Amino acid sequence: QVQLVESGGGLVQAGGSLRLSCTASGRTFSSYAMGWFRQAPGKEREFVAAISWSGGNTYYSDSVKGRFTISRDNAKNTVYLQMNSLKPEDTAVYYCAAVLTLSLATMTNPNRYDYWGQGTQVTVSS
């Protein structure tokens, strides 16, 4: 069992930056690959980024590539999402999720993830 808690969301102007954190309970955090998703009002949950259990492999959606960076610190049971050059279209609730096996074919599918946090709101004003 893994419990995930996100933090770091807030209100920021376009062009600004935020860093989201997701801290996991349990001693098996390092066994899980981690993903970040987001969901805007009236839209489906959307893949943002993923990172392998070791941190050696990272993946991004085209919409955030070059602006967002996913990283993890297994000693702190925490995964991060550094968001730079934020745009109003980045406004959404951001969720972290954990999955035991990260597959290139399925990592963008939220249904493939085993555990989810409660989400943190990110609002980017124009």
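Preceding this section is the structure that the text describes.
The present account deals with the structure reproduced in this document. Remember, predicted model here, so these are calculated numbers, not experimental data.

Parameters and conventions
- Residues numbered from 1 in each chain as written.
- Predicted model: local features only at pLDDT ≥ 70, side-chain atom pairs only at ≥ 80, totals over all residues.
- Heavy atoms only, no water.
- Pairing = 2+ DSSP bridges.
- Helix = DSSP H or I, 4+ residues; strand = E, 2+ residues; numbered from the N terminus.
- Axes fitted to C-alpha atoms, helices over the stretch in contact; angles between N-to-C directions.
- Core = buried A, V, L, I, M, F, W, Y, C linked by side-chain atoms within 4.5 Å.
- Buried < 20%, exposed > 50% of the residue type's maximum accessible area, 1.4 Å probe, protein only.
- Contact = heavy atoms within 4.5 Å.
- Disulfide = S-S within 2.5 Å.
- Phe/Tyr/Trp six-rings, centres within 6.5 Å; stacked < 30°, edge-to-face > 60°.

**Points about the sheet that holds strand β7 (residues 68-73)**
Next up, step 1: One open sheet holds the 4 strands; their spatial order is β1-β3-β8-β7, and the pairing between them is antiparallel. Two strands bound the open sheet, and with one partner strand each, they are β1 (4-7) and β7. Across the sheet, the axes of successive neighbouring strands diverge by a mean angle of 15 degrees, strand direction being ignored.
Next up, step 2: The pairing of strand β3 (residues 18-24) with strand β8 (residues 78-83) spans 6 bridges and is antiparallel. Looking at β8, one finds that S21 is bridged to Y80.

**Side note on the nonpolar core**
Next up, step 1: Core analysis: the biggest nonpolar cluster contains 28 residues, and M34, W36, L81, M83 and Y94 have the highest contact counts within it.
Next up, step 2: When residues of this core are traced back to their parent elements, those giving at least two are β3, β4 (33-39), β5 (46-51), β7, β8, β9 (92-99) and β11 (120-125).
Next up, step 3: With residues up to four places along the chain from it excluded, the contact list for M83 reads G16, S17, L18, L20, R67, F68, Y94 and V122.
Next up, step 4: Membership of the second largest hydrophobic core comes to 8 residues, among which are F37, F47, A50 and V99.

**Regarding the state of the cysteines**
Next up, step 1: The final tally for this structure, using the stated rule, is 1 disulfide.
Next up, step 2: Two residues share a disulfide in this structure: C22 and C96, whose sulfurs sit 1.9 Å from each other. Taking the sign of the S-S torsion, about 55 degrees here, the bridge from C22 to C96 comes out right-handed. Of this pair, C22 sits in strand β3 while C96 sits in strand β9; the two residues are 74 residues apart in sequence, bridging distant segments of the chain. By the burial criterion, C22 is buried, and C96 matches it.

**Looking at the environment of V93**
Next up, step 1: Residue placement: V93 occurs in strand β9.
Next up, step 2: Considering only alpha carbons, one finds V93 and Q118, 25 residues apart in sequence, at a separation of 9.3 Å.
Next up, step 3: Beyond its immediate chain neighbours, meaning those up to four positions away, V93 contacts F37, R38, Q39, G119, T120 and Q121.

**Focus: the packing of aromatic side chains**
Next up, step 1: Under the definition given, this model contains 6 aromatic pairs.
Next up, step 2: With a centroid separation of 5.9 Å and an interplanar angle of 70 degrees, the aromatic rings of Y32 and Y115 are classed as edge-to-face. One end of the pair, Y32, is in the loop between β3 and β4; the other, Y115, is in strand β10 (residues 115-116), with 83 residues separating them in the sequence.
Next up, step 3: With a centroid separation of 6.3 Å and 80 degrees between ring planes, the pair formed by Y95 and W116 is classed as edge-to-face.

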